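# Architecture and fold: a report
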Amino acid sequence: MKRQMTPKERMAIDRVKMPEQDPQRRIGNFEEVNQGLNEEQAIREAQRCLLCKNRPCVAGCPVRVRIPEFIAALAEGDLPEAARILLADNTLPAVCGRVCPQESQCEKVCVRGNKGAPVAIGYLERFVADWALAHPEKLHKESQPTPTGKKVAIVGSGPAGLTMAGELARKGHGVTLFEALHDTGGVLRYGIPEFRLPKRIVDIEVKRLKDLGVNIECNVVVGKTLTLDELREEFDAVFIGNGAGLPIMLNIDGENLKGVYSANEYLTRVNLMAAWRNDVPTPIIHGKHVAVIGGGNTAMDAVRTSRRLGAEQSIIVYRRTEAEMPARIEEIHHAKEEGIEFILLAAPVKILGDENGWVKGLLCQRMELGEPDASGRRRPVPIEGETFTLDVDVVVNAIGTRANPLLTATAPDLKLNKWGNIETDEHGATNLPGVFAGGDIVRGGATVILAMGDGKSSAQAIDAYLSQKN
Amino acid sequence: MFEVLQNDTLAPNVHRMVIRAPRIAKARQPGQFVIVHPEEGGERIPLTIGDADPQAGTITLFIQAVGASTLKIVNTPVGGSIRDIAGPLGKATEIEQWGRVACVGGGLGTAVLYPLAKALAESGNEVTTIIGGRSKPFIILAEELAAFSTEVLVATEDGSQGQQGFVTNVLQDLIDNPDKRPSAVFAIGPVPMMRAVAELTRPYGIKTIVSLNPIMIDGTGMCGGCRVKVGDETKFACVDGPEFDGHLVDFGLLMDRLSMYRDTEAKILEELPKELRDKIIKVKR
Ligand SMILES: Cc1cc2nc3c(=O)[nH]c(=O)nc-3n(C[C@H](O)[C@H](O)[C@H](O)COP(=O)(O)OP(=O)(O)OC[C@H]3O[C@@H](n4cnc5c(N)ncnc54)[C@H](O)[C@@H]3O)c2cc1C
Ligand SMILES: Cc1cc2nc3c(=O)[nH]c(=O)nc-3n(C[C@H](O)[C@H](O)[C@H](O)COP(=O)(O)OP(=O)(O)OC[C@H]3O[C@@H](n4cnc5c(N)ncnc54)[C@H](O)[C@@H]3O)c2cc1C
Ligand code: SF4
Ligand code: SF4
Ligand code: FES
Ligand SMILES: [Mg+2]
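Residues numbered from 1 in each chain as written. Chains lettered and ligands numbered in written order. Predicted model: local features only at pLDDT ≥ 70, side-chain atom pairs only at ≥ 80, totals over all residues. Heavy atoms only, no water.

So, on to the interface of chain A and chain B. Each partner contributes residues to the interface: chain A has 43 residues there, and chain B has 44 residues. Carbon and sulfur atoms supply 56% of the area that chain A and chain B bury against each other, a total of about 3400 Å² over both sides. Considering only the surface of chain A that becomes buried against chain B, A:Lys224, A:Asn256 and A:Pro281 emerge as the three largest contributors, covering 20% of it. A salt bridge links B:Lys26 to A:Glu230; the nearest nitrogen and oxygen atoms lie 3.6 Å apart. (Contact = heavy atoms within 4.5 Å. Buried area = accessible area lost by both parts, 1.4 Å probe. Salt bridge = Lys/Arg side-chain N within 4 Å of Asp/Glu carboxyl O.)

Residues and elements named next belong to chain A. The domains assigned to chain A are domain 1 (7-138), domain 2 (151-245 + 403-467) and domain 3 (248-400). Here the C-alpha centre of domain 2 lies 28 Å away from the C-alpha centre of domain 1. Counting from both sides, the interface comprises 23 residues of domain 1 and, opposite them, 23 residues of domain 2. Overall, the association of domain 1 and domain 2 removes approximately 2000 Å² of surface from exposure, summing both partners, and the carbon and sulfur fraction of that is 72%. Linking domain 1 with domain 2 are zero salt bridges. Linking domain 1 with domain 2 are three residue pairs in polar contact (both at pLDDT 80 or more). Considering each element in turn, the side of domain 1 that touches domain 2 owes the most residues, six residues, to helix H7 (residues 93-99). (Domains from an automatic or database assignment. Polar contact = N/O pair within 3.5 Å; in protein donor to acceptor, adjacent residues only side chain to side chain. Helix = DSSP H or I, 4+ residues; strand = E, 2+ residues; numbered from the N terminus.)

Attention now goes to the sheet that holds strand E10 (residues 346-353) of chain A. Residue and element names in this part refer to chain A. Pairing is antiparallel across the open sheet formed by three strands, whose spatial order is E10-E11-E12. Each of the sheet's edge strands pairs with one partner strand only, and the pair in question is E10 and strand E12 (378-390). Neighbour-to-neighbour, the strand axes of the sheet open up by a mean angle of 20°, direction not taken into account. (Pairing = 2+ DSSP bridges. Axes fitted to C-alpha atoms, helices over the stretch in contact; angles between N-to-C directions.)

Here the focus is unusual backbone geometry. Of note, the bond from B:Gly87 into B:Pro88 is cis; its omega dihedral lies within 30 degrees of zero at 0°. In this chain, B:Gly241 is followed by B:Pro242 through a cis amide linkage whose omega measures 10°. By the element assignment, B:Pro242 lies in the loop between helix H7 (237-240) and strand E16 (243-245). The backbone of A:Ala274 shows a phi angle near 60°, a positive value even though the residue is not glycine.

Residue and element names in this part refer to chain A. Positionally, Ala180 belongs in the loop between strand E2 (174-178) and helix H10 (187-190). For Ala180, a relative accessible area of 22% gives the class partly exposed. The spacing of Ala180 and Val221 is 41 residues in sequence and 4.3 Å in space, taken between C-alpha atoms. (Buried < 20%, exposed > 50% of the residue type's maximum accessible area, 1.4 Å probe, protein only.)

Turning to the UniProt feature "domain: Dihydroprymidine dehydrogenase" (unreviewed entry) in chain A, a few remarks are in order. Under the local residue numbering, the UniProt record ascribes the feature "domain: Dihydroprymidine dehydrogenase" (unreviewed entry) to residues 27-134 of chain A. Along residues 27-134 of chain A, the helical share is 50% and the strand share 0%, with 27 Å between the first and last C-alpha atoms. (UniProt positions renumbered as here; feature names shortened; annotations may be inferred.)

What follows is the structure, encoded as structure tokens:
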């Protein structure tokens, strides 16, 4: 048995630095920016954890990953045990370790952050998850559940649907996952770029579900190919996790010019339809000067993508300041390293076109921060008379998304709120018996881990519903 | 995977393909389309559902090979299969009792028109069909349309079949004839043709429905790439259409947006084997 390290020894270790692809190099490729820790680095970082009795970090994680426990196993070098703990709490740890906004969740409340840097929980989660993906034979075997004979349909294969599928399959229910697009993963596939989340990770997670017996059917648009009523007839329960995939338009002049994209279109072309590769027929406009409007993860992904597609100048235009940006801090930091320009306190007024209908500029209004709005953030207000023009040939609108009404419009009995999101109780149950919902379709644009959390908690509710249903 | 059961050539580079897709065949209504994704890493291509047989579980697509992706699709042999087909998408045609209607099809648009005309006829409308094309080989589905039309009138630019001229000349004659004047016109074809028809009927106040073909990606309202301007509003053609009131459509914008990727498309065409390239260029002109 190794000697336990003293808190003082632990405190003496500095936070690990994530090995990254050099910015100059990475803007020329779509490979992952973060290269991942090696085992030595991971174990040393794990040793920084004080294994706090009151575990504040666990409370900071929406799915309550047993953080000190998995980190302790990792610090001991017991990777199978670390993986077992992590996988029991989080179905997609290789995804969360990469895309969770750790700084506002688990790491935000880490005790080590009180003085210095918090434990790099996300990096460690990623390390253990990647190890697990690479060493399936060393993982603790999952016991095969006894089939219950119950059938559940899941709509949408984003993080909510994938999590739900795994949870229910492990309970022995027959699961069919319906996806409208030709491939699985939702935003993980079509939105988040390869350089942040390699698609092979989504592939492996999906394969794991298939191995559990989950039946996956792509190209099924529920509301069109099959209706919710048809699903309710054929299945014992239905979970709707169809996301928030409807772009909010800017509604300004020039929005229909050639070279103006919604972030959904821009990223879908590049990611789902592989326009980043040069051996495919999918076209995309390679702008030289690109403006991306917005300050969230989507905006960062779009602007960094434009850089990799060869833009000489890629600009973020955001109407508040950096402090209000909803994007993960790491993305903002990486964007800056990649030479992305940030024009803050500016809002688009009009997109200017040339005589052939192509974008040639973006007219912006200077803003200042006024009184806080309903969300508590200070509301940007225009500074009278202060406008400026950016010379750009591509504009990407990344101001946000809303609930897509395609499914809900064909299910008139399903109760929605005034924004078109599905209303549920705290277990994800809708007003229709046996129909549950979770993820962005309920919350509006939120996060991967919250969508997964919904999948997990609704799975328990569905399981309970199925067991009392004869 | 969707099995190809039949693949015939109707006109130069125009194929009729019958494909097994039971769910789509069952759910489909006239006016709707599918999105076909022929290969990994490929484009998503919208194609109208030309016909469907819910019993047999099949759909029929009429496809004109104009570029790399449509070429890939039409080159799928019988017995082979197409990777992904999603649908039915878009709104179904609103079938009303118009009495006398004119259905105007141009080029490949005739195939898109076919299910619509059939549905109009089946619900009791008196359908006069006008089809146009460059020359005789490009006139498609005349017989199939004749099966339910009161009359099928043909116009070719070179006069090799039917009347020489454009579909609008034929339509003008109908409008001028009090016994034949339609109370509604459905026009589907190249954008300039649809625009010309809409301009022709506008002064007469004849309701004119067109089917728009902007560049699409998901076909579910998720990307906004298919936006078109109708009246003062921006619409997503894949969910709000594809059929719209022709008198309100901004055809200029549609045409302009359709040209967005012309450079890339030309480059991709360059990379095709010469014989395929030549065939396509001939159709495209
Ligand atoms: C570009 C981008 C970057 C992001 N970055 C981050 C990040 O770094 N960290 C983070 O935590 N969050 C991030 N988010 C947010 C996060 O991705 C979402 O909150 C999360 O994916 C929501 O999961 P979901 O399962 O509810 O829906 P989605 O991931 O949206 O998946 C929904 C799925 O349902 C399918 N679907 C829709 N309608 C139908 C239908 N009618 N029938 C069948 N299938 C249907 C869709 O095609 C899709 O595959 C980002 C979002 C975007 C767009
Ligand atoms: C609702 C709808 C129904 C359609 N129905 C039919 C049909 O029944 N039969 C048929 O042959 N064609 C139909 N089309 C047109 C067909 O989708 C295009 O011809 C096809 O996408 C061209 O792709 P390509 O790669 O082969 O050619 P490319 O050389 O890449 O493109 C040729 C031209 O087609 C248009 N186009 C390119 N990509 C798309 C796209 N993703 N979506 C729409 N247009 C595009 C552009 O104007 C382009 O210049 C329909 C289009 C729409 C929107
Ligand atoms: S899932 Fe997210 S919040 Fe939870 S521990 Fe992992 S990184 Fe932190
Ligand atoms: S709060 Fe930080 S130091 Fe404490 S157990 Fe959690 S990760 Fe470790
Ligand atoms: S094709 Fe994407 S919204 Fe219509
Ligand atoms: Mg193409």
